[in-house]
Amino acid sequence: MDNEKGISDIIEKWDTRKEHLTYCYRNRDKATVIEPMKEAVDDFLTFLCLINEKQFSSAENILEYSKEFDYKPINFEERISFILKKPHQYHSFVQLNELYHELLKLHAIMKIKTQKK
């Protein structure tokens, strides 16, 4: 899969999932948020690996090799650990949304830097 195409697909999926998750959290439907949150986290981690030109294997071992990443959000390890431990909490959703926004900005910075070379 082409990195840019993959990233574009992930962003589209997040926009759709975000609406669904917002609806579920608004209705306090915690049982239905766990699976879409796990999928959204996997997509986020795939996005993170794509911009760092690494292969994503699983959410469980992302912390082991995330220190090698050139591009990652601030306090990434702490934030993703919280989200992975408590995907049903609304605060995890808020954090994941912020991580997506920060990663989009980092991706834009990365693209600008590579175009200047």
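Numbering of residues starts from 1 in each chain and follows the order in which that chain's sequence is written. Predicted model: local features are reported for residues with pLDDT of at least 70 only, side-chain atom pairs are reported and counted for 80 or more only, and whole-chain, interface and lining totals are derived from all residues. No hydrogens and no water enter the side-chain calculation; it runs on all heavy atoms of the structure.

What follows concerns the packing of aromatic side chains. For Phe, Tyr and Trp, where Trp contributes only its six-membered ring, two rings pair if their centres lie within 6.5 Å, and the inter-plane angle classes them as stacked under 30 degrees, edge-to-face over 60, or tilted in between. Applying the stated criterion across every chain yields a total of eight aromatic pairs. On the numbers, 5.4 Å between centres and 65 degrees between planes, the contact of F44 with Y100 is edge-to-face. With a gap of 56 residues between them, F44 in helix α2 (residues 30-51) and Y100 in helix α5 (residues 90-116) connect regions that are remote in the sequence. Y100 shares its class with F44; the two are buried. Judged by centre distance (5.9 Å) and plane angle (80 degrees), the ring pair of Y65 and F69 falls under edge-to-face. Among the aromatic residues, ring-to-ring pairing joins W14, Y25, F44, F76, Y90, F93 and Y100 into one connected group. Segments assigned H or I by DSSP are reported as helices when at least four residues long, segments assigned E as strands when at least two residues long, and all are numbered from the N terminus. Only protein chains enter the accessibility calculation, which uses a 1.4 Å probe. A residue is then buried if its area is under 20% of the maximum for its type, exposed if over 50%, and partly exposed in between.

Attention now moves to the layout of surface pockets. Its volume calculated, the largest pocket comes out at about 210 Å³. Put plainly, a pocket is an open set of points on a 1 Å grid over the protein atoms alone with protein on both sides within 12 Å along at least five of seven lines, a cavity is a set where a 1.4 Å probe fits but cannot get out, and a lining residue has an atom within 4 Å of a point. Around the largest pocket, the lining comprises 16 residues; the ones closest to its centre are I51, N52, E53, Y71 and M110. At four residues, α5 tops the list of elements feeding residues into the lining of the largest pocket. Residues are grouped as follows: nonpolar covers Ala, Val, Leu, Ile, Met, Phe, Trp, Tyr, Cys and Pro; charged covers Asp, Glu, Lys and Arg; every other residue, Gly included, is treated as polar. In the lining of the largest pocket, the residues fall into five nonpolar, four polar and seven charged. Grid points are joined across faces, edges and corners, and a volume is the space filled by probe spheres set on the points.

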